[in-house]
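# Architecture and fold: a report
Spelled out, the chains give:
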Amino acid sequence: MRPSMFRSVKSAVARSSSAHVARRGYSSESVPERKVAVLGAAGGIGQPLALLMKLNPLVSRLSLYDIAGTPGVAADVSHINTRSEVAGYMGDDQLGKALEGSDVVIIPAGVPRKPGMTRDDLFNINAGIVKSLCAAIAKYCPNAIVNMISNPVNSTVPIAAEVFKKAGIYDEKRLFGVTTLDVVRAKTFYAGKANLNVAEVNVPVVGGHAGITILPLFSQATPKANFSDEDIKALTKRTQEGGTEVVEAKAGKGSATLSMAYAGAIFADACLKGLNGVPDVVECSYVQSSVTDLPFFASKVRLGKNGVEEILGLGPLSDFEKESLETLKPELLSSIEKGIKFANQS
(Lines give C-alpha, C1' and ligand atoms only; values in the text may rest on other atoms or scores of the structure.)
Protein backbone atom coordinates (compact mmCIF):
# COMPACT_ATOMS: atom_id res chain seq x y z
CA MET A 1 0.00 0.00 0.00
CA ARG A 2 1.03 3.56 -0.63
CA PRO A 3 1.80 5.84 2.34
CA SER A 4 -1.67 7.40 1.89
CA MET A 5 -3.24 3.95 2.08
CA PHE A 6 -1.22 3.15 5.20
CA ARG A 7 -2.46 6.40 6.76
CA SER A 8 -6.06 5.51 5.92
CA VAL A 9 -5.57 2.06 7.45
CA LYS A 10 -4.13 3.58 10.63
CA SER A 11 -6.99 6.04 10.89
CA ALA A 12 -9.49 3.23 10.32
CA VAL A 13 -7.99 1.20 13.14
CA ALA A 14 -7.92 4.23 15.45
CA ARG A 15 -11.50 5.18 14.73
CA SER A 16 -12.77 1.63 15.03
CA SER A 17 -11.83 1.67 18.72
CA SER A 18 -14.51 4.27 19.39
CA ALA A 19 -17.88 2.77 20.24
CA HIS A 20 -19.59 6.09 19.57
CA VAL A 21 -19.07 6.10 15.81
CA ALA A 22 -21.43 4.11 13.63
CA ARG A 23 -20.31 1.04 11.68
CA ARG A 24 -16.92 0.61 13.33
CA GLY A 25 -15.73 4.13 12.61
CA TYR A 26 -17.53 4.77 9.31
CA SER A 27 -20.90 6.28 8.48
CA SER A 28 -22.64 5.01 5.37
CA GLU A 29 -22.94 8.62 4.17
CA SER A 30 -19.19 9.26 4.08
CA VAL A 31 -17.95 5.99 2.56
CA PRO A 32 -20.02 3.91 0.09
CA GLU A 33 -20.79 0.30 0.87
CA ARG A 34 -18.48 -1.90 -1.21
CA LYS A 35 -18.30 -5.69 -1.33
CA VAL A 36 -15.01 -7.25 -2.41
CA ALA A 37 -14.71 -10.97 -3.17
CA VAL A 38 -11.37 -12.81 -3.20
CA LEU A 39 -11.48 -16.08 -5.15
CA GLY A 40 -8.65 -18.34 -4.02
CA ALA A 41 -8.52 -16.74 -0.58
CA ALA A 42 -6.92 -19.70 1.22
CA GLY A 43 -3.88 -19.83 -1.07
CA GLY A 44 -0.40 -18.36 -0.91
CA ILE A 45 -1.47 -15.05 -2.47
CA GLY A 46 -5.06 -15.20 -1.25
CA GLN A 47 -4.33 -15.22 2.48
CA PRO A 48 -2.10 -12.12 2.65
CA LEU A 49 -4.39 -10.43 0.10
CA ALA A 50 -7.38 -11.14 2.35
CA LEU A 51 -5.50 -9.56 5.25
CA LEU A 52 -4.61 -6.45 3.24
CA MET A 53 -8.19 -6.03 1.97
CA LYS A 54 -9.46 -6.35 5.56
CA LEU A 55 -7.23 -3.36 6.38
CA ASN A 56 -8.70 -1.28 3.55
CA PRO A 57 -11.31 1.17 4.93
CA LEU A 58 -13.09 1.34 1.55
CA VAL A 59 -14.26 -2.28 1.93
CA SER A 60 -17.50 -2.83 3.86
CA ARG A 61 -17.98 -6.54 3.10
CA LEU A 62 -15.15 -8.96 2.42
CA SER A 63 -16.10 -12.28 0.86
CA LEU A 64 -13.44 -15.01 0.95
CA TYR A 65 -13.85 -18.05 -1.31
CA ASP A 66 -11.80 -21.16 -2.02
CA ILE A 67 -12.30 -24.85 -2.61
CA ALA A 68 -10.96 -25.62 0.89
CA GLY A 69 -9.66 -23.91 4.01
CA THR A 70 -11.65 -20.71 3.75
CA PRO A 71 -13.61 -20.90 7.03
CA GLY A 72 -10.36 -20.77 9.00
CA VAL A 73 -8.93 -17.87 6.99
CA ALA A 74 -12.21 -15.97 7.32
CA ALA A 75 -12.44 -16.57 11.07
CA ASP A 76 -8.85 -15.41 11.56
CA VAL A 77 -9.17 -12.25 9.45
CA SER A 78 -12.62 -11.41 10.88
CA HIS A 79 -11.14 -10.71 14.31
CA ILE A 80 -9.27 -7.66 13.00
CA ASN A 81 -10.96 -4.49 14.25
CA THR A 82 -11.54 -2.71 10.95
CA ARG A 83 -14.67 -1.73 9.07
CA SER A 84 -15.43 -4.71 6.86
CA GLU A 85 -17.58 -7.69 7.78
CA VAL A 86 -15.97 -10.95 6.68
CA ALA A 87 -17.63 -14.10 5.38
CA GLY A 88 -15.95 -17.31 4.25
CA TYR A 89 -17.30 -19.62 1.55
CA MET A 90 -16.01 -23.05 0.52
CA GLY A 91 -16.76 -25.33 -2.40
CA ASP A 92 -18.66 -24.97 -5.67
CA ASP A 93 -22.07 -24.87 -4.00
CA GLN A 94 -21.15 -21.69 -2.08
CA LEU A 95 -19.49 -19.81 -4.95
CA GLY A 96 -22.69 -18.02 -5.98
CA LYS A 97 -23.29 -16.70 -2.48
CA ALA A 98 -19.67 -15.56 -2.27
CA LEU A 99 -20.07 -13.54 -5.47
CA GLU A 100 -23.57 -12.06 -5.17
CA GLY A 101 -23.52 -8.29 -4.83
CA SER A 102 -19.76 -7.94 -5.35
CA ASP A 103 -18.43 -4.62 -6.60
CA VAL A 104 -14.88 -5.93 -7.11
CA VAL A 105 -13.81 -9.56 -7.63
CA ILE A 106 -10.11 -10.38 -7.23
CA ILE A 107 -8.93 -13.72 -8.64
CA PRO A 108 -5.62 -15.12 -7.33
CA ALA A 109 -6.97 -18.70 -7.64
CA GLY A 110 -4.86 -21.39 -9.25
CA VAL A 111 -1.91 -23.64 -8.59
CA PRO A 112 1.79 -22.77 -8.55
CA ARG A 113 4.10 -24.65 -10.86
CA LYS A 114 5.30 -27.86 -9.19
CA PRO A 115 8.32 -30.07 -9.93
CA GLY A 116 7.74 -32.13 -13.06
CA MET A 117 4.91 -29.91 -14.25
CA THR A 118 5.25 -28.41 -17.71
CA ARG A 119 4.10 -24.88 -18.51
CA ASP A 120 1.32 -26.42 -20.59
CA ASP A 121 0.21 -28.49 -17.58
CA LEU A 122 0.12 -25.33 -15.48
CA PHE A 123 -1.74 -23.42 -18.18
CA ASN A 124 -4.42 -26.08 -18.58
CA ILE A 125 -5.10 -26.28 -14.84
CA ASN A 126 -5.20 -22.54 -14.16
CA ALA A 127 -7.01 -21.71 -17.38
CA GLY A 128 -9.70 -24.23 -16.46
CA ILE A 129 -10.06 -22.73 -12.98
CA VAL A 130 -10.34 -19.20 -14.40
CA LYS A 131 -12.88 -20.29 -17.01
CA SER A 132 -15.22 -21.81 -14.41
CA LEU A 133 -14.87 -18.89 -11.97
CA CYS A 134 -15.62 -16.38 -14.72
CA ALA A 135 -18.74 -18.33 -15.71
CA ALA A 136 -19.91 -17.93 -12.11
CA ILE A 137 -19.09 -14.20 -12.11
CA ALA A 138 -21.16 -13.81 -15.28
CA LYS A 139 -24.09 -15.45 -13.51
CA TYR A 140 -23.93 -13.96 -10.02
CA CYS A 141 -22.25 -10.52 -10.30
CA PRO A 142 -22.11 -9.58 -14.00
CA ASN A 143 -21.45 -5.89 -13.28
CA ALA A 144 -18.46 -6.42 -10.99
CA ILE A 145 -14.98 -5.06 -11.66
CA VAL A 146 -12.76 -8.13 -12.20
CA ASN A 147 -9.09 -8.06 -11.16
CA MET A 148 -7.26 -11.05 -12.69
CA ILE A 149 -4.13 -12.21 -10.84
CA SER A 150 -4.16 -15.91 -11.85
CA ASN A 151 -1.28 -16.69 -14.18
CA PRO A 152 -0.60 -16.65 -17.03
CA VAL A 153 -2.33 -13.23 -16.99
CA ASN A 154 -1.43 -12.71 -20.67
CA SER A 155 -3.81 -15.61 -21.41
CA THR A 156 -6.28 -15.64 -18.50
CA VAL A 157 -7.60 -12.13 -19.22
CA PRO A 158 -8.50 -13.09 -22.83
CA ILE A 159 -10.08 -16.28 -21.43
CA ALA A 160 -12.23 -14.19 -19.07
CA ALA A 161 -13.22 -11.88 -21.93
CA GLU A 162 -14.37 -14.81 -24.06
CA VAL A 163 -16.37 -16.35 -21.21
CA PHE A 164 -18.09 -13.03 -20.55
CA LYS A 165 -18.81 -12.54 -24.27
CA LYS A 166 -20.48 -15.97 -24.44
CA ALA A 167 -22.61 -15.03 -21.43
CA GLY A 168 -23.56 -11.73 -23.06
CA ILE A 169 -22.21 -9.57 -20.23
CA TYR A 170 -18.74 -8.57 -21.46
CA ASP A 171 -17.75 -4.99 -20.65
CA GLU A 172 -14.11 -4.37 -21.54
CA LYS A 173 -14.04 -1.47 -19.07
CA ARG A 174 -14.53 -3.85 -16.14
CA LEU A 175 -11.88 -6.50 -16.84
CA PHE A 176 -8.31 -5.92 -15.65
CA GLY A 177 -5.15 -7.99 -15.63
CA VAL A 178 -3.21 -7.05 -12.51
CA THR A 179 0.32 -6.12 -13.62
CA THR A 180 0.97 -3.92 -10.59
CA LEU A 181 3.74 -6.19 -9.27
CA ASP A 182 5.83 -5.30 -12.34
CA VAL A 183 5.40 -1.61 -11.46
CA VAL A 184 6.21 -2.28 -7.79
CA ARG A 185 9.41 -4.09 -8.77
CA ALA A 186 10.44 -1.48 -11.32
CA LYS A 187 9.99 1.29 -8.74
CA THR A 188 11.94 -0.65 -6.09
CA PHE A 189 14.85 -1.60 -8.35
CA TYR A 190 15.07 1.88 -9.95
CA ALA A 191 15.00 3.64 -6.56
CA GLY A 192 17.62 1.27 -5.14
CA LYS A 193 19.97 1.81 -8.06
CA ALA A 194 19.52 5.61 -8.04
CA ASN A 195 19.53 5.88 -4.23
CA LEU A 196 16.14 7.63 -4.29
CA ASN A 197 13.21 7.60 -1.86
CA VAL A 198 11.08 4.82 -3.39
CA ALA A 199 7.87 6.49 -2.21
CA GLU A 200 8.57 9.36 -4.63
CA VAL A 201 9.45 7.14 -7.61
CA ASN A 202 7.12 6.37 -10.50
CA VAL A 203 7.84 3.99 -13.38
CA PRO A 204 5.20 3.02 -15.95
CA VAL A 205 5.33 -0.61 -17.08
CA VAL A 206 3.62 -1.67 -20.31
CA GLY A 207 3.16 -4.79 -22.45
CA GLY A 208 2.20 -7.99 -20.67
CA HIS A 209 2.89 -9.81 -17.42
CA ALA A 210 5.52 -12.47 -18.19
CA GLY A 211 9.18 -12.43 -19.17
CA ILE A 212 10.07 -10.26 -22.15
CA THR A 213 6.46 -9.05 -22.50
CA ILE A 214 7.08 -6.92 -19.38
CA LEU A 215 8.44 -3.57 -20.55
CA PRO A 216 9.30 -0.99 -17.88
CA LEU A 217 9.58 2.49 -19.40
CA PHE A 218 12.56 3.74 -17.42
CA SER A 219 12.97 6.63 -19.87
CA GLN A 220 9.74 8.02 -18.36
CA ALA A 221 10.67 7.28 -14.73
CA THR A 222 10.49 10.10 -12.20
CA PRO A 223 12.51 11.52 -10.55
CA LYS A 224 15.00 11.40 -13.42
CA ALA A 225 18.24 9.48 -12.84
CA ASN A 226 21.30 9.37 -15.08
CA PHE A 227 21.73 5.72 -15.97
CA SER A 228 23.83 4.21 -18.74
CA ASP A 229 22.25 2.07 -21.43
CA GLU A 230 23.71 -0.99 -19.72
CA ASP A 231 22.14 0.02 -16.40
CA ILE A 232 18.73 0.37 -18.06
CA LYS A 233 19.08 -3.02 -19.73
CA ALA A 234 20.04 -4.63 -16.41
CA LEU A 235 17.10 -2.98 -14.58
CA THR A 236 14.74 -4.09 -17.34
CA LYS A 237 16.00 -7.69 -17.19
CA ARG A 238 15.71 -7.76 -13.38
CA THR A 239 12.13 -6.45 -13.55
CA GLN A 240 11.25 -9.07 -16.17
CA GLU A 241 12.81 -11.87 -14.11
CA GLY A 242 11.62 -10.71 -10.69
CA GLY A 243 9.41 -13.76 -10.24
CA THR A 244 12.29 -16.11 -10.97
CA GLU A 245 14.46 -14.23 -8.47
CA VAL A 246 11.93 -14.99 -5.72
CA VAL A 247 11.40 -18.62 -6.75
CA GLU A 248 15.16 -19.23 -6.64
CA ALA A 249 15.50 -17.46 -3.28
CA LYS A 250 12.74 -19.70 -1.90
CA ALA A 251 14.65 -22.72 -3.26
CA GLY A 252 11.68 -24.03 -5.21
CA LYS A 253 9.38 -24.02 -2.16
CA GLY A 254 7.29 -21.06 -3.21
CA SER A 255 6.85 -18.10 -5.50
CA ALA A 256 6.14 -14.38 -5.19
CA THR A 257 3.08 -14.53 -2.97
CA LEU A 258 3.56 -11.70 -0.47
CA SER A 259 4.68 -9.04 -2.94
CA MET A 260 1.92 -10.15 -5.32
CA ALA A 261 -0.67 -9.79 -2.57
CA TYR A 262 0.64 -6.28 -1.85
CA ALA A 263 0.44 -5.36 -5.53
CA GLY A 264 -3.05 -6.86 -5.78
CA ALA A 265 -4.18 -4.81 -2.78
CA ILE A 266 -2.81 -1.61 -4.34
CA PHE A 267 -4.67 -2.19 -7.59
CA ALA A 268 -7.92 -3.17 -5.86
CA ASP A 269 -7.67 0.00 -3.76
CA ALA A 270 -7.29 2.04 -6.96
CA CYS A 271 -10.39 0.36 -8.45
CA LEU A 272 -12.41 1.11 -5.31
CA LYS A 273 -11.29 4.74 -5.35
CA GLY A 274 -12.32 4.96 -9.00
CA LEU A 275 -15.73 3.47 -8.24
CA ASN A 276 -16.16 5.99 -5.43
CA GLY A 277 -15.49 8.91 -7.76
CA VAL A 278 -11.98 9.86 -6.64
CA PRO A 279 -10.50 11.84 -9.56
CA ASP A 280 -7.29 11.10 -11.47
CA VAL A 281 -6.69 7.54 -10.29
CA VAL A 282 -4.14 6.16 -12.76
CA GLU A 283 -2.53 2.71 -12.66
CA CYS A 284 -0.91 0.42 -15.21
CA SER A 285 -3.07 -2.57 -16.11
CA TYR A 286 -3.48 -5.24 -18.82
CA VAL A 287 -6.76 -4.48 -20.60
CA GLN A 288 -8.51 -4.66 -23.95
CA SER A 289 -6.72 -1.90 -25.78
CA SER A 290 -6.10 -0.15 -29.08
CA VAL A 291 -2.83 1.45 -27.93
CA THR A 292 -0.98 -1.07 -30.12
CA ASP A 293 -2.10 -3.53 -32.78
CA LEU A 294 -2.56 -6.20 -30.08
CA PRO A 295 -6.08 -6.77 -28.68
CA PHE A 296 -4.87 -6.76 -25.06
CA PHE A 297 -2.03 -4.65 -23.72
CA ALA A 298 -0.87 -3.17 -20.42
CA SER A 299 -0.46 0.59 -20.19
CA LYS A 300 -1.50 3.44 -17.95
CA VAL A 301 -5.26 3.47 -17.36
CA ARG A 302 -7.42 6.14 -15.71
CA LEU A 303 -9.93 4.44 -13.40
CA GLY A 304 -13.41 5.69 -12.63
CA LYS A 305 -16.99 4.80 -11.75
CA ASN A 306 -17.28 2.42 -14.71
CA GLY A 307 -13.83 0.85 -14.42
CA VAL A 308 -11.69 2.05 -17.31
CA GLU A 309 -12.33 5.75 -17.91
CA GLU A 310 -9.45 6.24 -20.33
CA ILE A 311 -6.56 4.20 -21.68
CA LEU A 312 -3.52 6.43 -21.89
CA GLY A 313 -0.96 6.29 -24.70
CA LEU A 314 2.56 5.00 -24.37
CA GLY A 315 4.21 8.41 -24.57
CA PRO A 316 7.72 8.94 -25.96
CA LEU A 317 9.87 5.79 -25.99
CA SER A 318 13.63 5.42 -26.09
CA ASP A 319 15.20 3.45 -28.94
CA PHE A 320 15.75 0.52 -26.57
CA GLU A 321 12.08 0.60 -25.52
CA LYS A 322 10.88 0.83 -29.14
CA GLU A 323 12.97 -2.21 -30.03
CA SER A 324 11.80 -4.12 -26.95
CA LEU A 325 8.18 -3.31 -27.77
CA GLU A 326 8.48 -4.87 -31.23
CA THR A 327 10.29 -7.89 -29.76
CA LEU A 328 7.58 -8.60 -27.18
CA LYS A 329 4.61 -8.36 -29.55
CA PRO A 330 4.78 -11.87 -31.14
CA GLU A 331 5.10 -13.59 -27.75
CA LEU A 332 2.25 -11.57 -26.23
CA LEU A 333 0.04 -12.20 -29.26
CA SER A 334 0.72 -15.94 -29.01
CA SER A 335 -0.36 -15.93 -25.34
CA ILE A 336 -3.53 -13.98 -26.18
CA GLU A 337 -4.43 -16.38 -28.98
CA LYS A 338 -3.75 -19.37 -26.74
CA GLY A 339 -6.20 -18.02 -24.16
CA ILE A 340 -8.90 -17.31 -26.74
CA LYS A 341 -8.50 -20.79 -28.25
CA PHE A 342 -8.78 -22.43 -24.82
CA ALA A 343 -11.89 -20.43 -23.91
CA ASN A 344 -13.66 -21.44 -27.10
CA GLN A 345 -12.98 -25.16 -26.66
CA SER A 346 -16.04 -27.03 -25.43
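In case you missed it, the structure is sitting above this.
Below or above, wherever it landed, is the structure these notes cover. Predicted, not measured: the structure shown is a model, and the values here were computed from it.

## A short note on empty space enclosed by the protein
For the structure on display, the rule yields 1 cavity of 30 Å³ or more. By volume, the largest cavity is sized at about 70 Å³.

## Here's the deal with the pattern of salt bridges
Taken as a whole and assessed by the stated rule, the structure comprises 13 salt bridges. Between Asp103 and Arg34 there is a salt bridge; the shortest N-O distance is 3.3 Å. Remark: Arg34 occurs in the loop between α2 (22–25) and β1 (35–39) and Asp103 occurs in the loop between α5 (95–99) and β4 (104–107); sequence separation between them is 69 residues. Owing to a relative accessible area of 15%, Arg34 belongs among the buried residues under this scheme. Note that Glu326 is salt-bridged to Lys329, the shortest N-O span being 3.2 Å. Remark: Lys329 and Glu326 occur in helix α12 (residues 319–343); sequence separation between them is 3 residues, near one turn of the helix.

## A few points about the pairing of strand β2 (residues 61–66)
With 5 of its 6 residues buried, β2 lies for the most part within the structure. Bridging between β1 and β2 involves 5 bridges; their strand directions are parallel. Within the sheet, the bridge partner assigned to Ala37 lies in β2 and is Ser63. Where the polypeptide runs from β1 across helix α3 (residues 46–54) and back to β2, its parallel neighbour, the crossover connection is right-handed. As paired elements, β2 and strand β3 (residues 85–90) share 6 bridges and run parallel to each other. Bridge pairing in β3 links Arg61 to Glu85.

## With respect to the environment of Val31
Within the secondary structure layout, Val31 lies in the loop between α2 and β1. Of the residues examined, Val31 reaches a relative accessible area of 11% and is grouped as buried. Spatially, the C-alpha atoms of Val31 and Val111 are 35 Å apart, while their sequence positions differ by 80 residues.

## Considerations on the state of the cysteines
Under the criterion given, the structure shown has 0 disulfides. Unpaired in terms of disulfides, Cys134 finds its nearest cysteine sulfur in Cys141, a separation of 9.8 Å.

Parameters at a glance
Residues numbered from 1 in each chain as written. Predicted model: local features only at pLDDT ≥ 70, side-chain atom pairs only at ≥ 80, totals over all residues. Heavy atoms only, no water. 1 Å grid on protein atoms, 1.4 Å probe; cavity = no way out; pocket = protein on both sides within 12 Å on 5 of 7 lines; lining within 4 Å. Points joined across faces, edges and corners; volume = space filled by probe spheres on them. Salt bridge = Lys/Arg side-chain N within 4 Å of Asp/Glu carboxyl O. Helix = DSSP H or I, 4+ residues; strand = E, 2+ residues; numbered from the N terminus. Buried < 20%, exposed > 50% of the residue type's maximum accessible area, 1.4 Å probe, protein only. Pairing = 2+ DSSP bridges. Right-handed = clockwise from strand over helix to strand, strands pointing away. Disulfide = S-S within 2.5 Å.

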